[in-house]
Amino acid sequence: MKFRTRTFLQILSIFFIFKASIFAWDDVGHKISAWIAWQRMSPSARNEVIRILRKAPEDSQLSALYAVYGPEPEETRQLEFFMLAATWPDIVRNRDFPVRYRKYHRSNWHYADTFWKQVDGRVELLPDMQESGEAVIRLIEFDKTIRNPSASDPEKAIAIAWILHIIGDLHQPLHTSARVTDLEPKGDQGGNLFLLTPKDTPLEKQLNLHWFWDSILNRVDPLVGNGCERIYIERLGRKFIKKYPYSLQTVRLSGFEDLQRESFSLNPKSVFTPDIVRFQMPSPKYTKHAYSVAEQRITLAGYRLGDLLNEVFGKTVN
């Protein structure tokens, strides 16, 4: 018991150090989507998903994120574990754990880019350029895994964690975009090459458009002081649900390809707008609009995750 508790604390401490340098909506965005999904899930779906996640392969260190002991009620610890599981594909980026890194980290599973360019304000798709990123392909595979009665619980645990994460990632417009320009003839890598800091900024201090969108929630409405992160996530989650109620959202999709196309369509009208300028930080107006888009996209990701997990593991919440 002492060994398991010590292992959990070690992994958790590494996670909190690591999260400061890795973004993919950032961990706040993924946790909010997971929190919203949890609200949609039936008790049977919650219990089955948690049971499976705790069966994750030992070398993945996913199940070690569950706080076996603690002052919080079990349901609260289950929710926190579920939210952490949504960030696990980013946690395994840490090279300090080489076995876990080599076996579970896959950088090109976090996005599915469409190559395009803007011509006189219009979108011109570039189908001849090689597609980049396997997010949609992997979602289709993992969806089959969790529905397969012959798949083992450890297999399903990894699949669930990736589904929680990838669906969140694909709701971020820049995880579906590779814009081609004269400066980026091979694509801008989801806005990572679109710098917002001056040209002469040292590499370690450079900020880019992808970072701006990934981290916008925590920057515009940050956790203040030593506040409880779970309460902070819950506050934002409740605010988003109130602002974008389930009944008024277009939730259903006929396929994961639709999700990629839906998210990509936001790039020309909400991301690469005329007022976004290279080597300059976005204006307050742009920031306000980007935050609004992020709110809605993260909420929608949560609704879709909840619906999917209910469909597979439980009954739908009315």
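Up top is the structure these notes are about.
Conventions we followed
Residues numbered from 1 in each chain as written. Predicted model: local features only at pLDDT ≥ 70, side-chain atom pairs only at ≥ 80, totals over all residues. Heavy atoms only, no water. Pairing = 2+ DSSP bridges. Helix = DSSP H or I, 4+ residues; strand = E, 2+ residues; numbered from the N terminus. Axes fitted to C-alpha atoms, helices over the stretch in contact; angles between N-to-C directions. Contact = heavy atoms within 4.5 Å. Buried < 20%, exposed > 50% of the residue type's maximum accessible area, 1.4 Å probe, protein only.

Visitor: Sorry, what's going on with the sheet that holds strand β1 (residues 114-119) here?
Guide: By definition, the strands of a sheet pair up through backbone hydrogen bonds, in either a parallel or an antiparallel sense. The strand order across the open sheet formed by 3 strands is β2-β1-β3, and the pairing between neighbours is mixed. Taken across any chain shown, the strands that pair with only one partner, and hence form the sheet edges, are β2 (122-125) and β3 (177-179). If you compare each strand with its neighbour and ignore which way they point, the axes differ by 40° on average. Here β1 runs beside β3; their pairing, made up of 3 bridges, is parallel. Directly across from Thr114, in β3, lies its bridge partner Ser177. Across the sheet, helix α12 (residues 256-264) lies against β1, β2 and β3, angled at about 25° from β1, the strand it touches most.

Visitor: What exactly am I supposed to notice about the environment of Asn148 here?
Guide: Checked against the element boundaries, Asn148 lands in the loop between α7 (135-147) and α8 (153-170). Sequence separation between Asn148 and Val312 is 164 residues; the distance between their C-alpha atoms is 10.0 Å.

Visitor: Is there a simple way to think about the pairing of β2 in this case?
Guide: Side chains on a regular strand alternate between the two faces of the sheet. Here β1 pairs with β2 via 4 bridges, running antiparallel. Bridge assignment links Gln118 to a residue of β2, and that residue is Val123. Adjacent in sequence and paired antiparallel, β1 and β2 are bridged by 2 residues, among which Asp120 carries a positive phi angle near 55°.

Visitor: Help me out: how do you make sense of the environment of Lys55 in this one?
Guide: One can find Lys55 in the loop between α3 (43-53) and α4 (74-85). Overall, Lys55 belongs to the partly exposed group, its relative accessible area being 44%. Sequence separation between Lys55 and Glu155 is 100 residues, and the spatial gap between their C-alpha atoms is 8.8 Å. Beyond its immediate stretch of four places on either side in the chain, Lys55 contacts Asp153, Pro154 and Ala157.

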